Every structure is written in C-alpha cells, then in structure tokens.
Amino acid sequence: MIHCDGLVKIYKTDDLEVVALQGLDLHVESGELMAIIGNSGSGKSTLLNMLGGLDRPSAGKLLVDNKDLLKFTERDLVKYKRETVGFVWQNNARNLIPYLTALENVELPILLKGRSKRLRALELLEAVGLSHRIKNRLSELSGGEQQRVAIAIALANEPKLLLADEPTGSLDTRMSNQILDLFRQLNRSMGITIVIVTHDPLLARKVDRVVAIRDGKTSSEIIRRQSYAEELAAIESGVTIEPEESHVEYAVIDKAGRLQIPSTYLQTDEFKEKNKVRVEMEEGRIILYPPEAK
C-alpha cells in the first residue's frame, strides 16, 4: 500500500532550510495496522502529511496504492484525497462541523461524492458504535464520541488508507484504549490499511508493527511476536505476558549500510561522548565495541 524510498522533505524560508526527512525508507503492506512513533521534530507528522496528499516530497520515491505522489497534478491530488485516503486529526475541530448533528457531519462528505448519503452514514455510525447518538450535536457528545464521529467521517469516502494523527492525544487512558480497539476492529472487518502516528510507545501493545523515526529517518521497527488475538487468548487462559516479551525490536539498516543505534545504548560509560565504534564480525554476529583507549 505504501512504498517510501529515500524520501526527503526540505522546508525553505528566506534564509533558512530545515530538513524534516533525510532519506526515509518505509514499506506498509495492504491491510496492515501499524503505528509510527517518534519524538517531536522527528519527521513523523511530515511523513503523514505527505501520505495524505497535504504536502509534497522534495525528493525520493513515494507510492501509495501504486500511485506516484511525486508526479501528481493538483487535479490528481484532489482525486487522491477524495478516493484513496481518509484522515483523522487529533484536533476534532479539523474533522467536525459543530452546528451539525453526528449524522449530518458524516453525510456531508458522502454528499460531495453525489451518492445516497443517509444509509451509508447510518452504517458508518453503527460501525463506530454511535448509532444511538446520530441526532446529537457535538456539544452533546464526549471527547471520545466526537473522535468516533471523526473516524466515521474519515471512512465516508471508502478509502483504502486511513491515516490518524495522534488520535488519542486529547483522550484519557480508558477512552484511548477504546479508540485503539475500534481501529483494530475496523482494520479486521473492512480490511482497510491504517497508519497511526503517535508519541506513545505503549501503542505497540495494540498494533502488530511500530516504526520509530528519529532525525528524519527510520531508526527501528518493533514487531509483535504473536498476533494480538493470540495474545488476548493467552491472557484469557491465564498466561501472563510481560510487555517487553510481546514484541521484538529491530534496528533498521538503510541501503548504504547505515543504522541508528538507540540513544540509550550510547549513554553508557563506554560509549558516552564518543563518536566512533569498532565494528567486528564474530561467529556470524556484528559486534560494536567502544574505541580502544589511547
């Protein structure tokens, strides 16, 4: 579904250039539910904006659903945003119109496509668990319910790819878990590819793969050892699974053979304040040693 190869994004002002992405590589399979994490300024929101057709790459390759976004005209972008991708924002004000009911909010994007809107909107609100709140205005809905309406709106154009930018950032833990469970349910029932951008590493407990971005590049991937359904079944049968045992983390090596070493590893006394390491092959393993003392 998504193929990023050497993706670069440079923002330019009068006398300043900011490199937000520095040759990022990312591949997402069709029907995958995955998350992108990273600190503020790592480039994760820049990547999401480009996947959503809201911003253009400076260089590299970006394919979504076999469409080359670097070659898009303005007309192509409009068609892409209407037919291929749906977007859920952290700030509900970017998704919702406050003076409309939940049903009317979901009907609006369907109406723009010229389709019969009422039945489809009702189906979507039922899918997100809000069939009993269709006539309520936004002021009568909780934050979690408003986010569910926003998800229904993002699904209104039947997208192949759903992007969510910090969708639980303004919600409490209980409601965040409910929203993440909803994403998993939609992914399973509709087969839609879902990419969630977040700063919360605990999200890895809910998705099958987490890609970490640091300094504009993919630095590591955290992959679930067993499916989420298998993990829940094990928990229900009384088997305790420690969080650190449910996933395995891999460093990502780019095409030039470079990798980003986790910063916590470099804070040890042996490596701290040093910019060199010795690299040796030992019994099929690549070992990093601190530089020899002079």
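Residues numbered from 1 in each chain as written. Predicted model: local features only at pLDDT ≥ 70, side-chain atom pairs only at ≥ 80, totals over all residues. Heavy atoms only, no water.

A few words now on the overall build of the protein. The number of helices and strands found in the protein is 8 helices and 13 strands. Expressed as a percentage of its 294 residues, the buried residues of the protein come to 45%. Approximately 16500 Å² of the protein is accessible, and the part contributed by carbon and sulfur atoms is 50%. (Helix = DSSP H or I, 4+ residues; strand = E, 2+ residues; numbered from the N terminus. Buried < 20%, exposed > 50% of the residue type's maximum accessible area, 1.4 Å probe, protein only. Areas by Shrake-Rupley, 256 points an atom, 1.4 Å probe, with all protein chains shown as cover.)

For strand β12 (residues 278-282) and strand β13 (residues 285-289), the ladder comprises 5 bridges, and the chain directions are antiparallel. Across the sheet, Val279 pairs through a bridge with Leu288, a residue of β13. Linking two consecutive strands that pair antiparallel, namely β12 and β13, is a turn of 2 residues; a positive phi of about 50° is found at Glu283 within it. (Pairing = 2+ DSSP bridges.)

Our next topic: the sheet that holds strand β2 (residues 17-28). Each strand in a sheet pairs with another by means of backbone hydrogen bonds, the pair being arranged parallel or else antiparallel. Here we have 4 strands laid out as an open sheet, ordered β2-β1-β4-β5, and antiparallel in their pairing. Each end of this open sheet is capped by a strand with a single partner; those strands are β2 and β5 (67-68). Where strand β4 (residues 59-64) and β5 come together, 2 bridges link them in antiparallel fashion. In the sheet register, Val64 faces β5, and the bridge partner there is Lys67.

Time to look at helix α6 (residues 173-190). Taking 1.5 Å per residue as the helical rise, α6 with its 18 residues ought to reach 26 Å, and the 26 Å between its terminal C-alpha atoms agrees with that figure. Of the residues one or two after α6, Gly191 is the one with positive phi, at around 70°. (Expected span 1.5 Å × (residues − 1).)

This part covers the side chain of Gln146. Within the secondary structure, Gln146 sits in helix α5 (residues 143-154). Here the side chain of Gln146 touches Leu141 through a polar contact of 3.3 Å, landing on its backbone oxygen. Dropping the residues within four chain positions of it, Gln146 is found in contact with Asn92, Leu96, Leu138 and Leu141. (Polar contact = N/O pair within 3.5 Å; in protein donor to acceptor, adjacent residues only side chain to side chain. Contact = heavy atoms within 4.5 Å.)

Let us look at helix α1 (residues 44-51). Within α1, 6 of the 8 residues are buried, which leaves the element mostly enclosed by the surrounding structure. Turning to α1, its buried residues are Lys44, Thr46, Leu47, Leu48, Met50 and Leu51. Two residues or fewer past α1, Gly53 is found with a positive phi of approximately 75°.

Let us look at the pairing of β4. Bridge analysis of strand β1 (residues 2-12) against β4 gives 5 bridges, and the strand direction is antiparallel. Paired with Cys4 across the strands is Leu62, a residue of β4. Counting the residues between successive antiparallel strands, the hairpin from β4 to β5 contains 2 residues, one of them, Asp65, with a positive phi of roughly 55°.

This next bit is on the pattern of salt bridges. The final tally for this structure, using the stated rule, is 12 salt bridges. Put simply, Asp68 and Lys71 hold a salt bridge, and the shortest N to O gap is 4.0 Å. By relative accessible area, Asp68 is classed as partly exposed at 24%. Using a relative accessible area of 66% as the deciding quantity, one classes Lys71 as exposed. One network of salt bridges, in which partners are shared, links Glu32, Arg209 and Glu221. (Salt bridge = Lys/Arg side-chain N within 4 Å of Asp/Glu carboxyl O.)

Of all hydrophobic cores here, the largest spans 42 residues; its most connected members are Val106, Leu125, Val149, Ile151, Leu162, Phe183 and Ile196. If you list the elements that add at least two residues to this core, you get β3 (33-37), α3 (102-112), α4 (117-127), α5, β7 (161-165), α6, β8 (193-198) and β9 (209-214). With near-sequence residues (within four places) excluded, Leu125 lies in contact with Ala102, Leu103, Val106, Leu130, Ser131, Ile134 and Ala152. Membership of the second largest hydrophobic core comes to 29 residues, among which are Cys4, Leu62, Val64 and Val197. (Core = buried A, V, L, I, M, F, W, Y, C linked by side-chain atoms within 4.5 Å.)

A word on the sheet that holds strand β6 (residues 85-88). Across the sheet, 7 strands lie side by side as β6-β7-β8-β3-β9-β10-β11; this open sheet has mixed pairing. Where the open sheet ends on each side, the last strands, each with one partner, are β6 and β11 (247-251). Between one strand axis and the next, the sheet turns by 20° as a mean value, whatever way the strands run. In the sheet, strand β10 (residues 217-224) pairs with β11 via 5 bridges, with the strands oriented antiparallel. Note on β11: the bridge partner recorded for Arg224 is His247. (Axes fitted to C-alpha atoms, helices over the stretch in contact; angles between N-to-C directions.)

Below, the discussion takes up a nonpolar patch on the surface. On the surface, Val277, Val279, Met281, Ile286 and Leu288 cluster together into a nonpolar patch covering about 480 Å² of accessible area. For the nonpolar patch, the secondary structure elements donating two or more residues are β12 and β13. Among the secondary structure elements, Leu288 is positioned in strand β13. (Patch = residues over 30% accessible without salt bridge, like charges linked within 9 Å, V, L, I, M, F, W, Y side chains within 5 Å.)

With that settled, consider the packing of aromatic side chains. Following the criterion strictly, the structure yields 2 aromatic pairs and no others. Aromatic side chains Phe72 and Tyr80 sit 5.6 Å apart centroid to centroid with 65° between the ring planes, which places their arrangement in the edge-to-face category. Accessibility assignment for this pair places Phe72 and Tyr80 in one class, buried. Between Phe87 and Trp89 the ring centres are 4.2 Å apart and the planes differ by 10°, which places this aromatic pair in the stacked class. A single burial state applies to Phe87 and to Trp89, both of which are buried. Taking NZ or CZ as reference, Lys9 lies 5.0 Å from the ring centre of Tyr11, over its face. (Phe/Tyr/Trp six-rings, centres within 6.5 Å; stacked < 30°, edge-to-face > 60°. Lys NZ or Arg CZ within 6 Å of the ring centre and 35° of its normal.)

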